[in-house]
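# Results of the structural survey
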Amino acid sequence: MGTTRAKRAFKYRFYPTDAQAAELSRTFGCVRKVYNMALQARTEAWTLRAERVNYNQTSALLTAWKRTEELAYLNDVSSVPLQQALRHLQTAFTNFFAKRAKYPRFKSKKKSRESAEYTTSAFRFRDGRLTLAKMSEPLVIVWSRPLPEGAAPSTVTVSRDTAGRWFVSLLVEDPTIRLLPATDTAVGVDAGLDHLLTLSTGEKITNPRHERRDRDRLAKAQRHLSRKAKGEGANRAKARRRVARIHARIADRRRDTLHKLTTRLVRENQTIVIEDLTVRNLLKNGKLARAISDAAWSEFRSMLEYKASWYGREVIAVDRWFPSSKLCSTCGALQDKMPLNVRTWTCGCGTTHDRDVNAANNILAAGLAVSVCGAGVRPQRSTPGGQSATKQKPPRREP
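- The name given to the protein in an unreviewed UniProt entry is IS200/IS605 family element transposase accessory protein TnpB, with Actinomadura rudentiformis as the source organism.

## A short note on the pairing of strand β1 (residues 6-14)
- With burial as the criterion, only one face of β1 is covered, namely that bearing Ala-6, Arg-8, Phe-10, Tyr-12 and Phe-14; the residues Lys-7, Ala-9, Lys-11 and Arg-13 on the opposite face remain uncovered.
- Examined bridge by bridge, β1 and strand β7 (residues 166-174) share eight bridges and lie antiparallel to one another. Within β7, the residue paired with Ala-9 across the bridge is Leu-171.
- By the bridge criterion, two bridges tie β1 to strand β5 (residues 141-142) in an arrangement that is antiparallel. When the sheet's bridge partners are listed, Arg-13 is paired in β5 with Val-142.

## Examining the packing of aromatic side chains
- In total, this model carries 10 aromatic pairs according to the counting rule given.
- Linked through ring pairs, Phe-93, Phe-96, Phe-97 and Tyr-103 together constitute an aromatic cluster.
- A cation sits over an aromatic face here: Arg-52 above Phe-97, 4.1 Å from the ring centre.
- One Lys or Arg, Lys-107, reaches over the ring of Tyr-35 and ends 4.5 Å from the middle of that ring.

## Quick notes on the UniProt feature "domain: Transposase putative helix-turn-helix" (unreviewed entry) in the protein
- The sites that UniProt annotates as "domain: Transposase putative helix-turn-helix" (unreviewed entry) are residues 7-47.
- Structurally, residues 7-47 comprises 73% helix and 20% strand, and the distance from its first C-alpha atom to its last is 38 Å.

## What about the sheet that holds β5?
- Across the sheet, which stays open at both edges, the five strands sit in the order β2-β6-β7-β1-β5 with antiparallel pairing between neighbours. For this open sheet the edge positions go to β2 (114-119) and β5, each flanked by a neighbour on one side alone.
- Strands in contact with helix α1 (residues 18-49) are β1, β2, β6 (155-160) and β7; relative to β2, the strand with the most contacts, it is inclined by about 95 degrees.

## Considering the sheet that holds strand β11 (residues 271-275)
- Taken in spatial order, the five strands of this open sheet run β10-β9-β8-β11-β12, and their pairing is mixed. The two strands at the open ends of the sheet, each matched to only one other strand, are β10 (204-206) and β12 (314-318). Taking each pair of neighbouring strands and ignoring which way they run, the sheet shows an average axis angle of 25 degrees.
- This element, helix α6 (residues 234-268), spans β9 (195-199), β10 and β11 of the sheet and lies at about 5 degrees to β9.

Basis of the calculations
- Residues numbered from 1 in each chain as written.
- Predicted model: local features only at pLDDT ≥ 70, side-chain atom pairs only at ≥ 80, totals over all residues.
- Heavy atoms only, no water.
- Buried < 20%, exposed > 50% of the residue type's maximum accessible area, 1.4 Å probe, protein only.
- Helix = DSSP H or I, 4+ residues; strand = E, 2+ residues; numbered from the N terminus.
- Pairing = 2+ DSSP bridges.
- Phe/Tyr/Trp six-rings, centres within 6.5 Å; stacked < 30°, edge-to-face > 60°.
- Lys NZ or Arg CZ within 6 Å of the ring centre and 35° of its normal.
- UniProt positions renumbered as here; feature names shortened; annotations may be inferred.
- Contact = heavy atoms within 4.5 Å.
- Axes fitted to C-alpha atoms, helices over the stretch in contact; angles between N-to-C directions.

Structure, rendered in structure tokens:
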């Protein structure tokens with residue numbers, strides 16, 4: 001059993017002093033200001049003069065901004081997080097031009113995540129004590145789990161969520177990740193709402209419905225918030241934090257559940273086959289959007305993929321138009337319709353199917369076909385009449 005070296009982030013909660021909290025708050029504000037000004041400069045350069053502005057040019061702009069009287073306060077915080085903000089903006093534009101993301105958006109003081117990234121020149125990490133630039137005392141970190149022995153962080157990201165909690169994330173190269181022993185097991189996974197996951201083995205994993213458990217408490221807190229006068233008042237801020245704490249509790253429980261599920265799937269199976277779902281489009285369904293968001297299918301896939309890469313497993317995504325629910329996994333016959341309220345059905349060959357288990361079996365078969373034929377092959381099965389087994393859907397509209 002070999003080992004692999006991978007970049008891994010370890011996230012911890014910490015409790016800053018008043019001085020540290022004030023310094024970090026100033027840094028967050030400056031990072032947001034620099035990011036927004038650079039985004040505006042790049043947007044205006046393109047729309048008005050058809051010029052592309054790169055990272056080096058925005059870095060020169062930052063130097064010029066610091067020399068102005070109006071923006072002289074940018075010199076009061078560490079320059080590293082400001083430069084990192086410009087690098088993140090460059091990455092956002094790179095993803096946009098590669099059609100991997102939408103056009104970069106301006107950061108909001110209330111809605112955006114507050115964070116600042118420090119590289120090795122802007123922090124000191126010795127004997128388990130982390131001290132950031134512009135600070136005289138180390139952060140009081142709750143070390144909920146140890147860092148890998150001998151690992152030194154290359155990047156430190158400090159953040160504060162909407163609930164007012166402070167976190168620090170340390171990016172290290174983890175030499176302790178061991179490849180799992182290879183097995184011949186493979187599993188198909190069908191994501192759903194009645195059950196969070198249905199496996200091709202026939203196992204159904206209950207949907208915890210974390211948001212529904214706290215829905216009444218959340219609604220009450222949101223009603224209190226709606227009654228507060230809009231503005232920067234202390235009472236409105238307190239009500240907003242109360243709502244944010246409930247959301248944070250829901251997100252923490254959801255993340256914990258997904259970590260346990262994905263770790264178990266990766267440990268037990270060599271190949272895991274899932275559907276290539278476009279959750280963004282599915283959320284346009286007004287009746288199911290809340291339940292789909294609570295299921296967190298995108299987060300499930302992200303966790304599954306990076307854990308599989310760590311431990312030497314394979315994740316295969318089946319084409320989103322593959323008719324996994326309407327296809328008989330026994331004879332390959334394709335049904336014309338399969339409404340969501342139909343949970344069991346009988347094929348013409350006499351086989352009675354559980355809708356979700358049948359879908360998971362078809363996903364597994366299609367995924368194994370992809371692994372044999374090669375990546376990028378669209379999995380299809382033919383019905384006895386020769387009809388293609390792809391979904392009969394109208395073409396998607398480009399945004």
